[in-house]
Amino acid sequence: MNIQSLSPGLSDRQWAAGAHVAALLAALLTSWVAGVAGAIAALAVWLLVRDRYPFAAEHAREALNFNLSMLIYTGVALAITVVLVGATLLTLGIGLLVTAPAGLLLLAVYAAIAVAWLACSLIAAFKAYDGQPYRYPISIRLFK
C-alpha cells in the first residue's frame, strides 16, 4: 500500500486548516471572550465538508469542540468574577482583602485561556495543513 494514497489531498488539507483559521479569525473579530463566533465558524466548515473531505471534517469537529470548550472555561471564569465582585460589594469593601488576590489570580487565568486558545489554534492549523491529525489538549469532546 502506498503511503501517498493514505495522506489527505490538498483540498482536504486546506479545508482542515481553514476550519481552525476561520474559528480563530471569527473569535478574534468578535472578541475571544464570546467564543460563540469561533464555534459557529468551525461548525459551518464542518457542515460544508463533512461528506466530501473526511480529514477536514475531523479537524473542523476538533475546532468546534475546542472553541466550545474555551467558551465554557471563559464562562466559568466570568461567573467566578461576578461572585468576587459581588462579595466585595456585599462586604462594603472589606472582602477586598480576599477578593483582590483572587482577582489577580483570575486575571492570570483569563490570560492563560487566551494564550492557550491562540497557540493551540495556530498549532492545529499548521498540523492540518501538513496533513497531520491534531487533538486539542484541553478540549472537551462534546461532538464526536
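Reading the values: the criteria
Residues numbered from 1 in each chain as written. Predicted model: local features only at pLDDT ≥ 70, side-chain atom pairs only at ≥ 80, totals over all residues. Heavy atoms only, no water. Helix = DSSP H or I, 4+ residues; strand = E, 2+ residues; numbered from the N terminus. Rg over C-alpha atoms; globule rule 2.2 N^0.38 Å. Buried < 20%, exposed > 50% of the residue type's maximum accessible area, 1.4 Å probe, protein only. Contact = heavy atoms within 4.5 Å. Areas by Shrake-Rupley, 256 points an atom, 1.4 Å probe, with all protein chains shown as cover. Core = buried A, V, L, I, M, F, W, Y, C linked by side-chain atoms within 4.5 Å. Patch = residues over 30% accessible without salt bridge, like charges linked within 9 Å, V, L, I, M, F, W, Y side chains within 5 Å. Salt bridge = Lys/Arg side-chain N within 4 Å of Asp/Glu carboxyl O. Expected span 1.5 Å × (residues − 1).

## Some remarks on the overall build of the protein
Assigned secondary structure in the protein consists of five helices and zero strands. Taken over C-alpha atoms, the radius of gyration comes to 19 Å for the protein, far larger than the 15 Å a tight globule of 144 residues would show. Structurally, the protein occupies a C-alpha span of about 70 × 25 × 25 Å along its principal axes. Scored against the burial criterion, the 144 residues of the protein give a buried share of 36%. Within the protein, counting contacts between residues at least 6 apart in sequence, those at least 24 apart form 74% of the total. Working note: accessible area of the protein is about 8300 Å², and carbon and sulfur atoms make up 75% of it.

## Some remarks on the nonpolar core
Counting 16 residues, the largest nonpolar core has Phe66, Trp117 and Tyr136 as its most contacted members. The greatest single-element share of this core, amounting to five residues, is contributed by helix α4 (residues 54-90). Leaving out residues up to four positions away in the same chain, phenylalanine 66 has contacts with Ala116, Trp117, Cys120, Ser121, Tyr136, Ile138 and Ser139. Judged by nonpolar contacts, the second largest core, of twelve residues, contains Ala16, Ala56, Ala60 and Ala128.

## Brief notes about a nonpolar patch on the surface
Taken together, the side chains of Val21, Leu25, Leu28, Leu29, Leu118, Leu122 and Phe126 define a hydrophobic patch exposed on the protein surface, amounting to about 690 Å² of accessible area. Broken down by secondary-structure element, the contributors of at least two residues to the nonpolar patch are α2 (10-30) and α5 (96-129). The residue leucine 29 is located in helix α2 in this model.

## Quick look at the pattern of salt bridges
Opposite charge on two side chains lets them pair, provided their charged atoms get close. Enumeration over the complete set of coordinates arrives at four salt bridges. Residues glutamate 58 and arginine 61 are paired through a salt bridge, measuring 2.6 Å at the closest nitrogen-oxygen approach. With glutamate 58 and arginine 61 both in helix α4, this residue pair falls three residues apart, about one helical turn. Residue glutamate 58 is classed as partly exposed on the basis of its relative accessible area of 31%. By relative accessible area, arginine 61 is classed as buried at 18%. The salt bridge partner of arginine 135 is glutamate 58, with a shortest N-O separation of 3.9 Å.

## Quick word on α5
With 34 residues, α5 extends 48 Å from end C-alpha to end C-alpha; this agrees with the ideal 50 Å at 1.5 Å per step. Among the residues of α5, those classed as buried are Thr99, Leu106, Tyr110, Ile113, Trp117, Cys120, Ser121, Ala124, Ala125 and Ala128. The elements touched by buried residues of α5 are α2 and α4. Glycine 131 sits one or two positions beyond α5 and adopts a positive phi of about 80°.

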